Amino acid sequence: MLEKILTLEFRKLVTSVIDDIKNYHNRVTEKEFEKDKRRILNELLTEIDVYPPDIVLNEDYLVAAIDGSGSENFFLLDDIRVHLISTATVVLNTNTKFGDPFRPMSNDEVSRVMGKDQPNLDLLWHLGVREDAAEKLAEMFELLYPIEDIPSLVLPFFQDVIQKTIDKLEDLRDTEFGQYIDEFHKMVTLISRGNLLTTSAAHDELRKTAEYAAAKRLLISDIKPRFLLLDGAMSVFIHFARQYPSLPSGFMLRDICKTAREKGTILCAVSKNHTIPFAHRIAKMAEEKFGKNKKWFCLLPSNDDPGGGLHIYSNRTYIPPRLAVPYLFSFSGDNRPSRIDFDRIWWLENIFVEGDPESTRENEIALFRELEFMSRDARWYGYPVPLALAHTECKISYEDLSIAKDILSDVLHESDLDPRFAKSLRSDFNM
Amino acid sequence: MLNKEKLGSLFGRIGMGDQSSLWIMGSNEDICVGEIFAIYSKRDNHERVFFYRVLKLHNYLRRVDDLSQVAGTLMVEGDAYLSGIDRNKLIELGGKMLGYAELVENEKGERIWRFKSPRRIPEHLAFVYRPVKGESDVIYCDMLHSQIGGEIYIGDFQIGEDTLDVPVNIESKFLPMHVGIFGSTGAGKSNLMMVLIKSMIDNNLKVIRGQSTSNLVSAFCIDPHDEFATGVDTYGIHDIVKEMDENTRKELFGEFYYLTSHLSATPREIKRYAKEIRILWKEIIPQDLYSIMSFTPQMSAFIEAMYHAHGEDWIEAIIQLDENDDSVDRSNLGSMRAVKRRLKFLENSSIFVDSGQSILPEIYFAMETGKILVVNTSLMSDREQFLLTTIVTRTISDLRRAAKSSGLIRDFEAQCRVRLPISFYNKIERKAKAFYGKGGTTNEHEVRDPRDLPIVMITVEEAPSILNPTLMEGQSVFKDISRQGRKFNMGLLVVSQQVSVLDNVILSQMNTEINLRLGNEREIQACIDNASVNISGFEDEFRVMNRGEALLTASYRDMPIPVRIPLFDDVFKRNRSNYKRMASSRKRDKHII
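This one's a predicted model, so the numbers in the text were calculated from it and none came from an experiment.

Draft legend 1. Here's a closer look at the overall build of chain B. On a plain count of helices and strands, chain B comes out with 21 helices and 21 strands. At 28 Å, chain B has a C-alpha radius of gyration in line with the 25 Å of a compact globule built from 593 residues. Its C-alpha atoms give chain B principal-axis dimensions of about 100 × 60 × 45 Å. Looking at chain B residue by residue over its 593 residues, the buried ones come to 58%. At a minimum sequence separation of 6, the contacts of chain B that also span at least 24 residues come to 73%. If you sum the accessible surface of chain B, you get close to 24800 Å²; carbon and sulfur atoms cover 45% of it. Distance from the positive charge centre (76 side chains) to the negative charge centre (82 side chains) of chain B: 4 Å.

So, in structure tokens, the structure goes:
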């Protein structure tokens, strides 16, 4: 294709698509942004009052982070797909008293406390057949996620949504969710949109479950981190009609939010890929307002917040995610802005002060001061170092995968199976 | 199975590479270029220890692709830190494989180390050990025995800026295959020469004490700065002489060890063991002059004609030649004048004289009886020094050549009378026959093989002046010695600041090189190109060498050996007591006169 890519026609094609996008922006959303500009500038964009480099905290604390990686194509045996999933949990001590900030705990120590090897590697499989697929996935979820029973997994979501005392499933009887109570006893029936489980979706769900499982294990362990950072957003697929998560991971997220709150841990989900429209324009506004290389954040309010949600994402139902509070932030002028989501219940209890925007702002600044302080590692400046370390720990490189497939090939051979299952079907045809 | 702890402290693991060069990932230790590491491998159940020399160092941060970018961020972002970085700080070493030692069984069933060239590669991710002084010395001695053994001590095995207690030696039998010492001013050549002289004395001491069966080593050591006898710092060769009891001194040095052009200028304590250099014009032959200066064919023809006509009085004849004399061929007046001009230095020389007592026979006797002579040339002109070296070399070479090509003493004598100035031969005849005759000196006695005689080492100082391509094109005596010296047990000890200007014949015949710090890139490259073993890639190392550090290369060894030459004072103090007592002498062959 290179001969095509290098032509003037291809360049024209790219230009026309860009123009098309610009036109869309101009036509549809620019007007919306204009409506939000003043509010963003005056009320939502906030400069962070950063710690000095040699800060010694009154009380050093622990920060934990979890990330996962994997391959959805580890191998395919007819219609059975095997996924390679890795997760890493790292725990760091702010350690400012000893002048060696964010000192990581050894993997051995984290493994010992969590009762799970760090980093962790797992092989999970599922079927392509629709009903069997859900059954098998549910089995995998149960295998991964540490729970006593399914009702205790689903209850936190409903407790957070309804905001009334819900101690047992039966308490949902008189609510809009009452008609679905029977669905909340088995993992498999929590998968209410099984028809959407493509290979890639199944892989994402397995990986997300593995990460949430690690978060849960950490939260129920003896380690007491002040922050727990997850990679990604707190987005949850909500069933359009039933209005509860269409996949178990949505319930798991609420379960870890609840556990974190009980433990006094601040749960945050950081995503580089923020999907916030006009984020680059907001960043430009921040630069103009605070100056270049200043560190800032911008609350992305919901309709329930004072002043309501922003117009720029009014037609995006997933912003803010259900029960989450997202912020756009930048801790380095060299990087594009990122997004961080907090558990809305925690946020309402700890950050938001009803009728007192100044106190709310102070709480936000204090929160982001900590987050900024943990994002100064020179290797990943502007990105939280615990997450960066978790990412490096769990990353499965191309070379790693290749060696894993060599081992798979050996095992297939020993098991009287065709070792070619370890390779892509394309390789049969030299493609 | 080898106790790996003896190899040193565990440092790292090997990464990428091949059988000649490898990358090692090691812990964040204070490593320097030139350090030697041992790599333990047991591939296919073959237990081997590979030797590796560091040529390059990289700081490596695990999981960081662009270290410069991190450094830049630390500079620009004043509040940046590095979290938990210590465990990720590693040192990546680039270097050369020097070879490997393998435990094998010899014919007696004993397990011994055998050293081999780097024809293999250690197993994947093999462990790398850093030798520890005081702990690893013995095993390194054992493993490297074939690479560092011998009678002539040079220095200690160097690992980076430090040394192991592992002495590096040359086997005396390889001395006649010529030794080159290359180093710029201040690189430590004089100290090395003194250490070498001491080692040759020590070798001879062991031989006369019956502690060694190797040959005696004689040496004609040119001392251009008159520092060998009294020393560069505190001690010199004279202190060795002083330490000895009378018998030992006589056996090792005879009546003298110090030669000088001006005896009167010699310190009193040395004067006892000194002689004045006087060489008669009669003892010089045309080839001696051809070896040290260039002559046109017409000039050579004139010299040959005069030599033919006047025999050993040829120099006197030329000097006294009056161009107005009727007998002079006037068509060749230009050549005659040019030759006379060239010989002018002999007229003005204090050491080359037309009459008197020559020292040449005594030098010859000393060389044939395993003596060391220190020759102070500090008061001589370069030309005098070169001619002296040439005459001594040619004289001994001609005698040994005559011996080598003779079956009986009769043949030997006939050859000597053709090769040597007759007046000189007459002076040494009796002793020469004693040296070379097997069991007697009559005409019918067989002649000994020169390889059973003492090894004679002739130092050629400022070597480029006489070992350059121009002079070596002609009838240089050094060309013959370089090619055939080993047959007569004669070797050259070539000392030079430059390698690039030496003649290729000399360089190609040189089988041992002691390469000290060199002056410039051209000399470094020439040194690498001419080394007897492959040391390509060692350029950086030459650039960081300190005074007294050297790389020993030898054609008969597989591994280039880094050596630290100790100060003469230190080695002298270390074993000065060796010279004090005379152990029971082994009965040596006596020459029958």
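Moving on from the model shown.
Draft legend 2. The overall build of chain A, seen in detail. Tallying secondary structure elements over chain A gives 13 helices and ten strands in all. Relative to a compact globule of 431 residues, whose C-alpha radius of gyration would be 22 Å, chain A shows 23 Å and is just as compact. The principal-axis extent of the C-alpha atoms belonging to chain A is close to 70 × 65 × 55 Å. Classification of the 431 residues of chain A by burial places 49% in the buried group. In chain A, the proportion of contacts linking residues at least 24 apart, taken out of those at least 6 apart, comes to 73%. As presented, chain A carries roughly 21700 Å² of accessible surface, and 50% of it is formed by carbon and sulfur atoms. Positive and negative charge centroids in chain A, built from 54 and 70 side chains respectively, lie 6 Å apart.

Draft legend 3. Broad picture of unusual backbone geometry. With an omega of -15°, the peptide bond between Gln118(A) and Pro119(A) qualifies as cis. Tracing the chain through its elements places Pro119(A) in the loop between α3 (107-114) and β5 (120-127). The residue after Ile319(A), namely Pro320(A), is reached through a cis peptide bond having omega -15°. Although it is not a glycine, Leu323(A) adopts a positive phi angle of roughly 65°. Tracing the backbone shows Leu323(A) in the loop between β8 (296-299) and β9 (324-330). For Leu323(A), a relative accessible area of 12% puts it in the buried group. Notably, Asp226(B) is not glycine yet its phi reads approximately 50°, a positive angle. Assessed through its relative accessible area of 26%, Asp226(B) is described here as partly exposed.

Draft legend 4. Region of interest: the environment of Met105(A). All names here are of chain A. The topology assignment puts Met105 in the loop between β4 (103-104) and α3. In the structure, Met105 is positioned 152 residues away from Cys257 in sequence and 24 Å away in space, judged by C-alpha atoms. With residues up to four places along the chain from it excluded, the contact list for Met105 reads Val91, Val110 and Ile223.

Draft legend 5. View of the side chain of Glu393(A). Checked against the element boundaries, Glu393(A) lands in helix α11 (residues 385-394). Not counting residues within four places of it along the chain, the set of residues in contact with Glu393(A) comprises Ala88(A), Val90(A), Asn107(A), Pro119(A) and Arg63(B).

Draft legend 6. Here's a closer look at the pairing of strand β19 (residues 512-515) of chain B. All names here are of chain B. Residues Thr512 and Ile514 of β19 are buried on one face, and the alternating residues Glu513 and Asn515, pointing to the opposite face, are buried as well. With four bridges joining them, β19 and strand β20 (residues 549-554) adopt antiparallel strand pairing. By the bridge assignment for β20, Ile514 is matched with Leu552.

Draft legend 7. Representation of a negative patch on the surface within the structure. A cluster of acidic residues, Asp78(A), Asp79(A), Asp132(A) and Glu135(A), forms a negative patch at the surface. Along the chain, the position of Asp132(A) falls in helix α4 (residues 130-144).

Draft legend 8. How the structure looks around the sheet that holds strand β12 (residues 258-260) of chain B. All names here are of chain B. Ordered in space as β9-β8-β21-β20-β19-β10-β18-β17-β11-β16-β12-β13, the twelve strands form an open sheet in which the pairing is mixed. A strand with exactly one partner marks an edge of an open sheet, and here the two such strands are β9 (162-170) and β13 (274-276). Taking each pair of neighbouring strands and ignoring which way they run, the sheet shows an average axis angle of 25°. The pairing of β20 with strand β21 (residues 561-564) spans four bridges and is antiparallel. Bridge assignment links Ala550 to a residue of β21, and that residue is Val563.

Draft legend 9. Fine view of the interface of chain A and chain B. Taken together, the 21 residues of chain A in the interface contact 15 residues of chain B. In this assembly, chain A packs against chain B so that about 1500 Å² is buried in total across both faces, 51% of it on carbon and sulfur atoms. Area buried by chain A at its contact with chain B is led by Ala378(A), Arg379(A) and Tyr381(A), which between them contribute 40% of it. Between the two partners, chain A and chain B, sit three salt bridges.

Draft legend 10. Up close: the pairing of strand β10 (residues 338-343) of chain A. Residues and elements named next belong to chain A. Across the six residues that make up β10, a large majority, six, are buried. Alternating positions in β10 separate into two faces, Ser338, Ile340 and Phe342 on one and Arg339, Asp341 and Asp343 on the other, with burial throughout. Bridge count between strand β7 (residues 266-271) and β10: four bridges; the pairing is antiparallel. Bridged to Ser271 within β10 is Arg339. When β9 meets β10, the two strands line up antiparallel, connected through six bridges. Paired with Ala324 across the two strands is Asp343, which belongs to β10.

Draft legend 11. Spotlight on the side chain of Gln158(B). With respect to the secondary-structure elements, Gln158(B) resides in strand β8 (residues 152-159). The contacts of Gln158(B), once residues within four sequence positions are left out, are Gly34(B), Ile36(B), Arg53(B), Thr163(B), Glu549(B), Ala550(B), Pro562(B), Val563(B) and Arg564(B).

Draft legend 12. Layout of helix α13 (residues 382-404) of chain B. Compared with an ideal rise of 1.5 Å per residue, which puts 23 residues at 33 Å, α13(B) spans 32 Å between its outermost C-alpha atoms and is within 8% of the ideal. Burial of α13(B) is extensive: 20 of the 23 residues sit out of reach of the surface.

Draft legend 13. Structural context of the pattern of salt bridges. Residue and element names in this part refer to chain A. Applying the stated criterion across every chain yields a total of 60 salt bridges over all chains. Notably, a salt bridge pairs Lys258 with Glu262, separated by 3.9 Å at the nearest N-O pair. Here Lys258 pairs with Glu262, and both are found in helix α7 (residues 248-263), just four residues apart, close to one helical turn. Overall, the relative accessible area of 59% leaves Glu262 in the exposed class. Among the ionic contacts, a cluster of salt bridges with common partners joins Asp160, Arg254, Arg261 and Asp343.

Draft legend 14. Representation of the environment of Met244(B) within the structure. All names here are of chain B. Checked against the element boundaries, Met244 lands in the loop between α5 (237-243) and α6 (246-253). The class for Met244 is buried, based on a relative accessible area of 3%. Through-space distance from the C-alpha of Met244 to that of Ser577 is 9.1 Å; in sequence the pair is 333 residues apart. When near neighbours in sequence (up to four residues on either side) are disregarded, Met244 contacts Ile201, Arg249, Leu252, Phe253 and Tyr579.

The rules behind each value
Residues numbered from 1 in each chain as written. Chains lettered and ligands numbered in written order. Predicted model: local features only at pLDDT ≥ 70, side-chain atom pairs only at ≥ 80, totals over all residues. Heavy atoms only, no water. Helix = DSSP H or I, 4+ residues; strand = E, 2+ residues; numbered from the N terminus. Rg over C-alpha atoms; globule rule 2.2 N^0.38 Å. Buried < 20%, exposed > 50% of the residue type's maximum accessible area, 1.4 Å probe, protein only. Contact = heavy atoms within 4.5 Å. Areas by Shrake-Rupley, 256 points an atom, 1.4 Å probe, with all protein chains shown as cover. Lys, Arg positive; Asp, Glu negative; His and termini not counted. Charge placed at Lys NZ, Arg CZ, Asp CG, Glu CD. Pairing = 2+ DSSP bridges. Patch = residues over 30% accessible without salt bridge, like charges linked within 9 Å, V, L, I, M, F, W, Y side chains within 5 Å. Salt bridge = Lys/Arg side-chain N within 4 Å of Asp/Glu carboxyl O. Axes fitted to C-alpha atoms, helices over the stretch in contact; angles between N-to-C directions. Buried area = accessible area lost by both parts, 1.4 Å probe. Expected span 1.5 Å × (residues − 1).

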